[in-house]
Amino acid sequence: SNSNSNNSKKKVVPVRQYLDESVVPCLREAMKELVKVRPEDPHEFLAKYLMKHNPNQQQQHQQQQQQQTTTGQKMSSILENNNASERAAEKSNDKATEVEERKGEEEVQEEKKNEGEA
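Residues numbered from 1 in each chain as written. Predicted model: local features only at pLDDT ≥ 70, side-chain atom pairs only at ≥ 80, totals over all residues. Heavy atoms only, no water.

Colleague: Describe helix α3 (residues 24–37), naming the residues involved and giving the relevant values.
Modeller: For α3, which comprises 14 residues, the first-to-last C-alpha distance of 20 Å matches the rise-based estimate of 20 Å (1.5 Å per residue) to within 8%. Listing the buried residues of α3 in full gives V24, C26, A30 and L34. Viewed along the axis of α3, the buried residues span an arc of 150°, placing them on a single side of the element. In α3, the exposed positions angled more than 90 degrees off the buried face are occupied by V35 and K36. Residues of α3 that are buried in the fold lie against α2 (15–22) and α4 (42–52). Just downstream of α3 lies R38, where phi reads positive at about 50°. (Helix = DSSP H or I, 4+ residues; strand = E, 2+ residues; numbered from the N terminus. Expected span 1.5 Å × (residues − 1). Buried < 20%, exposed > 50% of the residue type's maximum accessible area, 1.4 Å probe, protein only. Arc of directions from axis to C-beta. Contact = heavy atoms within 4.5 Å.)

Colleague: Can you lay out the packing of aromatic side chains for me, pointing to particular residues and giving the numbers?
Modeller: In this structure the tally under the stated criterion is one aromatic pair. Ring centres of F45 and Y49 lie 6.3 Å apart, and the angle between their planes is 25°; this geometry places the pair in the stacked category. Placement of both F45 and Y49 in helix α4 is noted, with a separation of four residues, approximately one turn of the helix. Each member of the pair F45 and Y49 is classed as buried. (Phe/Tyr/Trp six-rings, centres within 6.5 Å; stacked < 30°, edge-to-face > 60°.)

Colleague: Describe in detail unusual backbone geometry, supporting the description with residues and values.
Modeller: Negative phi values dominate among residues other than glycine, just as trans dominates among peptide bonds. Residues other than glycine seldom take positive phi values, yet R38 does so here, at roughly 50°. Here R38 lies in the loop between α3 and α4. Overall, the relative accessible area of 66% leaves R38 in the exposed class.

Colleague: Tell me about the pattern of salt bridges, and name the residues and values.
Modeller: All chains considered together, the criterion is met by three salt bridges. A salt bridge links D20 to R16; the shortest N-O distance between them is 3.3 Å. In this pair, D20 and R16 are both assigned in helix α2, four residues apart and thus about one turn of the helix distant. R16 sits in the exposed class, given a relative accessible area of 63%. (Salt bridge = Lys/Arg side-chain N within 4 Å of Asp/Glu carboxyl O.)

Colleague: Describe the nonpolar core, naming the residues involved and giving the relevant values.
Modeller: Among the nonpolar cores identified, the biggest contains five residues, and these are A30, L34, F45, L46 and Y49. Every element with two or more residues in this core is listed here: α3 and α4. At three residues, the largest contribution of residues to this core is made by α4. (Core = buried A, V, L, I, M, F, W, Y, C linked by side-chain atoms within 4.5 Å.)

What is shown is where atoms sit, not what they do.
Take a look at the structure:
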C-alpha cells in the first residue's frame, strides 16, 4: 500500500529522537505559553498555538514571501524597462515631429520667397 511505501522511504530514527527533532521544541514553547495564559480551553489554545507557530508553515510562508518579493522585483524591473522604452519612443517621436515641423516651415518660407520673386 502507499502508506507502507512512503514509510519505507523515510529514514527510520528512534521515536524519542524523532519527537525531539520534530515537535518537542515547539511543544515546549506552547506549554510555557499555556501555563502563562491559562486559557479556559487549553486544547484549543494549544491547537491554535501549534498551528500559528508551525516551523514548517513558517518556512513555507517565508519561501512564498521570497518568491513574491522576487516576482515583484522582476515586475518592477520590467515596468521600468517598459517606461524607459516608452520615454525613448516619445523622444524619438518628438524629434521626428520637430524635423517635420522644420521641413514644413522651410517649405512655407521657400514658397513665400518664390512668390516674392514672381
